[in-house]
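# An overview of the molecular structure
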Amino acid sequence: MITTCQQMQQCEEAAFARGISAAELMDEAGRGIAAVVRQFAPRTGSLVLFLGKGNNAGDALVAARELLTDGWKVHARLCCEPAAMKELPRRHLQALSGHVRIIEDAIEFDFPPGPIVSLDGLLGIGAQGPMKLELELLAREMNALRSLRHAVTIAMDIPSGLNGDRGKACENAVVADITAVVAQIKAGLLADGADQHVGRIALVPLRELSSVQGDAQAAVLTPRLLRSWLPRRANDMHKGDAGRVGILAGSPGFLGAAELCCRGAIRAGAGLVTLIVREEVYPLIAARLPAEVMVQPVKDYREALDMDFDALAIGPGLGFAHEPQILEILSRLDLPVIVDADALTMISRHPEVMNEAAKLPRLMTPHPGEMARLLRHYPSWNGMSRRLLVESYISRSPGLTLLLKGTRTVIGTHRETTLFNSTGHPGMASGGMGDVLTGVCAAFAAQHVPLHQTAGLGAWLCGRAAERHLTLYHSAAESLGASDVTAHLGHALQDLKEGAF
Ligand SMILES: NC(=O)C1=CN([C@@H]2O[C@H](COP(=O)(O)OP(=O)(O)OC[C@H]3O[C@@H](n4cnc5c(N)ncnc54)[C@H](O)[C@@H]3O)[C@@H](O)[C@H]2O)[C@@H](O)CC1
């Protein structure tokens, strides 16, 4: 559920009225946050707590208590004398005395080599108005530690300085790499412009705060939601049951896009993957494809209309030389089609195609630039939020699912809950990621997963695979390539099944 801070506070009050104590809630929250730290920072090092006066600081202190036994060296920056803190965080700080080193300046401090993780416990849902100076200075220090020392910043519940309801950031608001959201997603975290401060969303559920009033028309993708959407393989299934994917992609100079798309489909579980290319492209591409991929040369792309597939992916590296053939397939083929890249640009030039295909199962996966081209025909929508744009675009096409890529990928389908992705990191800002996503989605669509769920699975898995590359190989985000994402889709699938964050 997406809630306002007030709805969250009311839910907490109701729990207190049932006899649940704030200390119990904080304990559960802090343990969950420690698990988030373990997932995203598996190598121990220096943990720096930035503590405000309220219970948000208590969450950070409980998490630190849990992480001490893993070997983290814990440091703290305080905004005030401990006596001025609320009772719970004060008690937790006292209990940790002897294990926490209070420091005066995290930028100047000589941390030993190894990872540095900052926990932002300055402000949570109890924030009133813009940050007061003493907190703003600490937030600025946290941001400097992130940019100058490459510390990983994990925010408790809400990045301090970001409005939890509207997502507006005040000056020097904390820039988090990961926001460990407690109990329920706060609406402001999903607002346009909040992404830069929120980063990856990891939801820490609290048993006693699991039912709450809020916006049920939207949801954030988590394994809890996605797990049941992933088809469970039958013991006696064969390759035909696992989905036959056809891919129309690749042209001279853009062969890698086709290859990445095929690899995505294979690693996401497609039973059979066939790449359909023009005859002149065949000799260029056949030898570089993974052994699992079949290649079908055609004189005319429309030959695909008579081939036997469960789903088709069209677009990566396709070029525009045969646009009429592609448009005909898009308007006629009565199969799930994942539409990406050059095929999206063709639709932006010929929007009538989508009117003809309004009832046919189509999943369009534009990045913001492609989306802007699609929206040229709707000038009155200028200034709408991402969510509203997606919801408006799909409203007239009952067969259409739209996946708007970005830091916070948004997915919409007529009469379905709007979905926001939680996974991924800035290392994914490199070429080829979209081609992989298209292949992954084609694999699920070919297994007869509804396109809305297909898009949700695809977005979450690709982001999680990108994260796995960093933690498994102790690798930096900068070095991530799209092929690395295909290589880790298996880990991401397993994380989804087992319920990682
Ligand atoms: N209340 C509960 O039962 C639970 C709270 N939890 C955590 O506690 C947080 C909420 O705790 P609180 O209600 O104590 O609120 P906060 O921790 O957000 O802090 C509120 C305090 O910060 C100060 N403050 C408020 N606005 C400020 C501003 N603009 N500039 C500077 N200082 C400001 C005030 O002293 C105020 O008392 C949640 O976000 C979550 O992290 C979790 O432990 C789960 C349970």
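Residues numbered from 1 in each chain as written. Predicted model: local features only at pLDDT ≥ 70, side-chain atom pairs only at ≥ 80, totals over all residues. Heavy atoms only, no water.

For the protein chain, an unreviewed UniProt entry supplies the name ADP-dependent (S)-NAD(P)H-hydrate dehydratase and the organism Prosthecobacter vanneervenii. Under the heading Subunit (unreviewed entry), UniProt records this for the protein chain: "Homotetramer." (UniProt positions renumbered as here; feature names shortened; annotations may be inferred.)

### What about the packing of aromatic side chains?
Under the criterion given, the structure shown has three aromatic pairs. Geometrically, the ring pair formed by Y378 and Y393 is edge-to-face, given 5.9 Å between the ring centres and 75 degrees between the ring planes. With Y378 in the loop between α13 (368–374) and α14 (386–394) and Y393 in helix α14, this pair connects stretches of sequence that are 15 residues apart. Overall, the relative accessible area of 8% leaves Y393 in the buried class. The residue whose ring lies beneath R349 is F320, and the NZ or CZ to ring-centre distance is 4.5 Å. (Phe/Tyr/Trp six-rings, centres within 6.5 Å; stacked < 30°, edge-to-face > 60°. Helix = DSSP H or I, 4+ residues; strand = E, 2+ residues; numbered from the N terminus. Buried < 20%, exposed > 50% of the residue type's maximum accessible area, 1.4 Å probe, protein only. Lys NZ or Arg CZ within 6 Å of the ring centre and 35° of its normal.)

### Here we look at the nonpolar core
With 114 residues, the main nonpolar core has L51, L119, L248, I314, L330 and M364 as its most contacted residues. Sorting elements by how many residues they give to this core places helix α2 (residues 22–40) first, with seven residues. Counting the residues that make up this core, at least three belong to each of domain 1 (2–215) and domain 2 (239–375 + 384–498). With 58 residues, the next largest nonpolar core counts A258, L363, L419 and A466 among its residues. (Core = buried A, V, L, I, M, F, W, Y, C linked by side-chain atoms within 4.5 Å. Domains from an automatic or database assignment.)

### Details of the UniProt feature "binding site: AMP" (unreviewed entry) in the protein chain
UniProt's entry tags K405, G406, T407, R408, T409 and G434 with the feature "binding site: AMP" (unreviewed entry), counted in the numbering of this structure. Spanning 30 residues, the named residues nonetheless gather at one spot, since no C-alpha pair among them exceeds 14.1 Å. Along the chain, T407 turns up in the loop between β17 (400–404) and β18 (410–413). Inspection of the secondary structure puts G434 in helix α15 (residues 433–446). Taking relative accessible area as the criterion, G434 reaches 16% and is therefore assigned buried. Here G434 is in contact with D340 and K405, once residues within four sequence places are set aside. (Contact = heavy atoms within 4.5 Å.)

### Considerations on the layout of surface pockets
For the second largest pocket, the calculated volume is near 840 Å³. Lining the second largest pocket are 36 residues, with G54, N55, N56, K86 and G126 sitting closest to its centre. Those elements that place two or more of their residues in the lining of the second largest pocket are α1 (5–17), α2, α3 (55–68) and α5 (133–149). Element by element, the count of residues in the lining of the second largest pocket is highest for α1, at five residues. Partitioning the lining of the second largest pocket into residue classes produces 18 nonpolar, nine polar and nine charged. (1 Å grid on protein atoms, 1.4 Å probe; cavity = no way out; pocket = protein on both sides within 12 Å on 5 of 7 lines; lining within 4 Å. Points joined across faces, edges and corners; volume = space filled by probe spheres on them. Nonpolar A, V, L, I, M, F, W, Y, C, P; charged D, E, K, R; others polar.)

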